[in-house]
Amino acid sequence: NAGVTQTPKFRILKIGQSMTLQCTQDMNHNYMYWYRQDPGMGLKLIYYSVGAGITDKGEVPNGYNVSRSTTEDFPLRLELAAPSQTSVYFCASSPPTGVLGYTFGSGTRLTVV
Amino acid sequence: AQSVTQLDSQVPVFEEAPVELRCNYSSSVSVYLFWYVQYPNQGLQLLLKYLSGSTLVKGINGFEAEFNKSQTSFHLRKPSVHISDTAEYFCAVSRNNNDMRFGAGTRLTVKP
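Residues numbered from 1 in each chain as written. Chains lettered and ligands numbered in written order. Predicted model: local features only at pLDDT ≥ 70, side-chain atom pairs only at ≥ 80, totals over all residues. Heavy atoms only, no water.

Colleague: An account of the pattern of salt bridges is needed here, citing residue identities and associated values.
Modeller: Residues and elements named next belong to chain B. Scanning the entire structure with this criterion turns up 10 salt bridges over all chains. Among the salt bridges present, the one from E20 reaches R77, with a minimum N-O distance of 2.8 Å. Note that E20 is positioned in strand β3 (residues 19-21) and R77 in strand β9 (residues 73-78), a separation of 57 residues in sequence. Owing to a relative accessible area of 34%, E20 belongs among the partly exposed residues under this scheme. Across the salt bridge formed by E88 and R107, the nearest N and O atoms sit 3.0 Å from each other. On the criterion of sequence distance, the pair formed by E88 in strand β10 (residues 87-94) and R107 in strand β12 (residues 106-111) is long-range, its members being 19 residues apart. (Salt bridge = Lys/Arg side-chain N within 4 Å of Asp/Glu carboxyl O. Helix = DSSP H or I, 4+ residues; strand = E, 2+ residues; numbered from the N terminus. Buried < 20%, exposed > 50% of the residue type's maximum accessible area, 1.4 Å probe, protein only.)

Spelled out as structure tokens, the structure:
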């Protein structure tokens, strides 16, 4: 049972480059989330999705885009990378019924130079 | 919106000593409360949760937490810690399934 899988684990980007962080889950969870984690700041919600074709902004969506074409996949796109986007990114998922907490991936550490 | 404050950014403690990690929350409606643990270079894992009922909640690895509605607190405790408990701990609050808010985290360091 893989749970939530994120790729890549590490990436260095130059300012202005773009990339996609991949996230896939095999638990048939409807809800998926992207968070960023900065030291001393906890986790901030970037975007979330309640099902295929439905996405919505979280607390810090600027500079990011998402799509949800399938239940399993929820990629996060950075179009023009900036140093402020240096962070650790976590994808998570949860089922639509019951409050069971989130299942997290192992994270992607992104550095923008 | 709901919010969470973790009162200690770092907690050093000796092995086999008790520990308490403090968490206060703010919300105008009823919420669900969670503690997650993050080991180095890993994602967050659910430690325990409070949904309703008994205010004392037991989780994995010998941890427990007590919900106190009058003080809007959800402190995490363990009577005797091990070196392997060294990690970062996050308190979180949620009204439903898509609005979980996390505290800034408490780094627990267990020393021999």
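Colleague: Explain the layout of surface pockets residue by residue, including any values.
Modeller: Roughly 670 Å³ of internal volume is contained in the largest pocket. Lining the largest pocket are 33 residues; nearest its centre among them are Q37, V88 and R109 of chain A together with Q38 and R107 of chain B. Only β4 (31-38), β9 (87-94) and β11 (108-112) of chain A together with β10 and β12 of chain B provide two or more residues apiece to the lining of the largest pocket. For the lining of the largest pocket, the element with the most residues is β11 of chain A, which contributes 4 residues. When grouped by side-chain class, the residues that make up the lining of the largest pocket number 11 nonpolar, 17 polar and 5 charged. (1 Å grid on protein atoms, 1.4 Å probe; cavity = no way out; pocket = protein on both sides within 12 Å on 5 of 7 lines; lining within 4 Å. Points joined across faces, edges and corners; volume = space filled by probe spheres on them. Nonpolar A, V, L, I, M, F, W, Y, C, P; charged D, E, K, R; others polar.)

Colleague: Kindly report on the state of the cysteines, identifying the contributing residues and their values.
Modeller: Per the stated rule, a full pass over the model turns up 2 disulfides over all chains. Across the disulfide from C23 of chain A sits C91 of chain A; the S-S distance is 1.9 Å. Between C23 of chain A and C91 of chain A the sulfur-sulfur dihedral comes to about -70°; the bridge is accordingly left-handed. Within this pair, whereas C23 of chain A is found in strand β3 (residues 19-25), its partner C91 of chain A is found in strand β9, the two being separated by 68 residues in sequence. C91 of chain A matches C23 of chain A in its accessibility class, with the two residues each being buried. Two residues, C23 of chain B and C91 of chain B, share a disulfide whose sulfurs are 2.0 Å apart. Between C23 of chain B and C91 of chain B the disulfide shows an S-S torsion of about -65°. By sign, it is left-handed. Remark: C91 of chain B occurs in strand β10 and C23 of chain B occurs in strand β4 (residues 23-26); sequence separation between them is 68 residues. A relative accessible area of 0% means that C91 of chain B is categorised as buried. (Disulfide = S-S within 2.5 Å.)

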